[in-house]
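# Summary of the model geometry
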Amino acid sequence: MTSYGLKGEASRCFPFWQAFSQCVADAPDARDCLEAREDYLECLHHTKHFARLNAISAEYKRKKDAGTLPESLHNVSEPPSFLRPK
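The structure displayed is predicted, hence computed values, not measured ones. (Residues numbered from 1 in each chain as written. Predicted model: local features only at pLDDT ≥ 70, side-chain atom pairs only at ≥ 80, totals over all residues. Heavy atoms only, no water.)

### A closer look at the packing of aromatic side chains
Stated precisely, the cut-off is as follows: Any two of the Phe, Tyr and Trp rings considered here, Trp counted by its six-membered ring, make a pair once their centres fall within 6.5 Å; the pair's planes then place it as stacked at under 30 degrees, edge-to-face at over 60, or tilted in between. Numbering of helices and strands starts at the N terminus; helices are DSSP runs of H or I of at least 4 residues and strands are runs of E of at least 2. Each residue's exposure class comes from its accessible area (1.4 Å probe, protein chains only) as a fraction of the maximum for that residue type: buried when under 20%, exposed when over 50%, partly exposed otherwise.
On inspection of all chains with the given rule, the structure shows two aromatic pairs. Look at tryptophan 17 and phenylalanine 20: their rings are 6.0 Å apart centre to centre, the planes differ by 65°, and that puts the pair in the edge-to-face class. Of the two residues, tryptophan 17 and phenylalanine 20 are both situated in helix 1 (residues 14–26); the distance of three residues between them amounts to about one turn of the helix. In this structure tryptophan 17 comes out as partly exposed when scored by relative accessible area, which is 27%. Looking at phenylalanine 20, the relative accessible area reads 17%, which means it is buried. An aromatic cluster is built from Trp17, Phe20 and Tyr40, whose rings are joined through pairwise contacts.

Next up, the structure:
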């Protein structure tokens, strides 16, 4: 794996890859590295980030449809949907 991004600098996920790679090399069992693997995959794909954005958007829509949206949010445009393929 290369550590260079598009601008010739280290890619944004390279530190996570290094931590995961080092963990796999040092750990007696690969299952000990699940947390480092999860961090690396989140950096690449942002699955937790998009899930949180989708939950926020769904709650906003639910409250708006139910008429329970706080007054301070009435002039805020509806957040977009951030659905990503699974």
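Text resumes after the structure shown.
### A word on the pattern of salt bridges
What counts is decided by this rule: Whenever a carboxyl oxygen of Asp or Glu lies within 4 Å of a side-chain nitrogen of Lys or Arg, that contact is scored as a salt bridge.
Evaluated as defined, the whole model comprises four salt bridges. With a closest N to O distance of 2.1 Å, glutamate 38 and lysine 48 form a salt bridge. Of the two residues, glutamate 38 sits in helix 2 (residues 34–45) while lysine 48 sits in helix 3 (residues 47–66), which places them ten residues apart along the sequence. The class for glutamate 38 is partly exposed, based on a relative accessible area of 38%. A residue is classified by how much of its surface remains accessible, and lysine 48, at 47% relative accessible area, is partly exposed.

### Digging into the state of the cysteines
Formally: The definition used for a disulfide is geometric: two cysteine sulfur atoms within 2.5 Å.
Evaluation of the coordinates by the stated rule reveals two disulfides. Two residues share a disulfide in this structure: cysteine 23 and cysteine 33, whose sulfurs sit 2.1 Å from each other. The disulfide joining cysteine 23 to cysteine 33 has a torsion of about -95° about its S-S bond and is therefore left-handed. Here cysteine 33 lies in the loop between helix 1 and helix 2 and cysteine 23 lies in helix 1, a separation of ten residues in the sequence.

### Looking at helix 2
Operational definition: Multiplying one less than the number of residues by 1.5 Å gives the expected span of a helix. Throughout, the arc means that of the directions going from the helix axis to the C-beta atoms. Contacts are residue-level and defined by heavy atoms, with any inter-residue pair within 4.5 Å sufficient.
Taking 1.5 Å per residue, twelve residues should reach 16 Å; helix 2 reaches 16 Å between its end C-alpha atoms and fits that length. Looking at helix 2, one finds that the buried residues are Ala36, Tyr40, Glu42 and Cys43. Down the axis, helix 2 shows its buried residues gathered within 160° of arc, on one side only. Among the structural elements, helix 1 and helix 3 are those in contact with the buried residues of helix 2. Immediately beyond the C-terminal end of helix 2, within one or two residues, lies histidine 46, with a positive phi of roughly 55°.

Don't take any of this as a statement about function, it's just geometry.
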